[in-house]
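Descriptive analysis of the structure
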Amino acid sequence: MKKAYRVKKERDFQRVFEQGSSCANRRFVVYKLPKEQEHFRVGISVGKKVGNAVMRNSVKRKIRASLYALKDQIDPNLDFIIIARPTVSELDSEELMQNLKHVLKLAKII
């Protein structure tokens, strides 16, 4: 994904956490904040409980790949944050995609 599609700054993360709404399933927590813009922006957070740096980066790559496949279905007027829970490291790419799609539907992002 291009950098324009990412929430990178701490203040943007905090704004989504404080002003947005959240939704969760067993593998992910999603915070979303409606915003007028030409395309969506996403922030990905994977904590140390998921595993070592190699595992965390692997999970982030899988999440980004899943979002890239779903990008046409995602509401463009949103900033959202995806937080991976520790059990996400057990999933392969296909299971991760299904769980991510499920939580995004619950949050009404797709």
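Residues numbered from 1 in each chain as written. Predicted model: local features only at pLDDT ≥ 70, side-chain atom pairs only at ≥ 80, totals over all residues. Heavy atoms only, no water.

The protein is annotated in an unreviewed UniProt entry as Ribonuclease P protein component of Enterococcus dispar ATCC 51266. The protein has a UniProt comment under Catalytic activity (unreviewed entry) that states "Endonucleolytic cleavage of RNA, removing 5'-extranucleotides from tRNA precursor." Of the comments in the UniProt record for the protein, the one headed Function (unreviewed entry) reads "RNaseP catalyzes the removal of the 5'-leader sequence from pre-tRNA to produce the mature 5'-terminus. It can also cleave other RNA substrates such as 4.5S RNA. The protein component plays an auxiliary but essential role in vivo by binding to the 5'-leader sequence and broadening the substrate specificity of the ribozyme." (UniProt positions renumbered as here; feature names shortened; annotations may be inferred.)

What follows deals with the overall build of the protein. For the protein, the helix and strand inventory stands at 3 helices and 4 strands. Each helix (α) and strand (β) of the protein, taken in turn from the N terminus, gives the series α-β-β-β-α-β-α. Relative to a compact globule of 110 residues, whose C-alpha radius of gyration would be 13 Å, the protein shows 13 Å and is just as compact. Overall, the protein is about 35 × 25 × 25 Å in size when its C-alpha atoms are taken along their principal axes. Residues classed as buried in the protein amount to 38% of the 110 residues present. (Helix = DSSP H or I, 4+ residues; strand = E, 2+ residues; numbered from the N terminus. Rg over C-alpha atoms; globule rule 2.2 N^0.38 Å. Buried < 20%, exposed > 50% of the residue type's maximum accessible area, 1.4 Å probe, protein only.)

Moving on, we get to the nonpolar core. With 25 residues, the main nonpolar core has Phe28, Ile63, Leu67, Phe80, Ile82 and Leu104 as its most contacted residues. Going through the elements one at a time, β2 (28-34), β3 (41-46), α2 (53-70), β4 (78-84) and α3 (93-106) are the ones with two or more residues in this core. Contact partners of Ile63, with chain neighbours within four places excluded, come to Phe28, Ile44, Ile82, Ala84, Leu96 and Leu100. With 5 residues, the next largest nonpolar core counts Phe13, Val16, Leu33 and Ile81 among its residues. (Core = buried A, V, L, I, M, F, W, Y, C linked by side-chain atoms within 4.5 Å. Contact = heavy atoms within 4.5 Å.)

Right, let's talk about the side chain of Lys32 for a bit. Position of Lys32 among the secondary structure elements: in strand β2. Contacts of Lys32, omitting those with residues within four sequence positions, involve Val16, Gly20, Ser21, Leu78, Asp79, Phe80, Ala107, Lys108 and Ile109.

The interhelical angle for the contact between α2 and α3, taken along N-to-C directions, is 60°, at an axis separation of 10 Å. By the angle between their directions, the pair α2 and α3 is classed as oblique. Seen from above, α2 lies across α3 with right-handed handedness. Here Lys62, Ile63, Ser66, Leu67, Ala69 and Leu70 of α2 lie close against α3, whose contacting residues are Ser93, Leu96, Met97, Leu100, Lys101 and Leu104. Along the lines of polarity and charge, the residues of the contact of α2 with α3 split into 8 nonpolar, 2 polar and 2 charged. (Axes fitted to C-alpha atoms, helices over the stretch in contact; angles between N-to-C directions. Parallel < 35°, antiparallel > 145°, perpendicular 65-115°, else oblique. Left-handed = near helix turned anticlockwise from the far one by under 90°. Nonpolar A, V, L, I, M, F, W, Y, C, P; charged D, E, K, R; others polar.)

Turning our attention to the environment of Asn57. Relative to the helices and strands, Asn57 is located in helix α2. The spacing of Asn57 and Glu10 is 47 residues in sequence and 19 Å in space, taken between C-alpha atoms.

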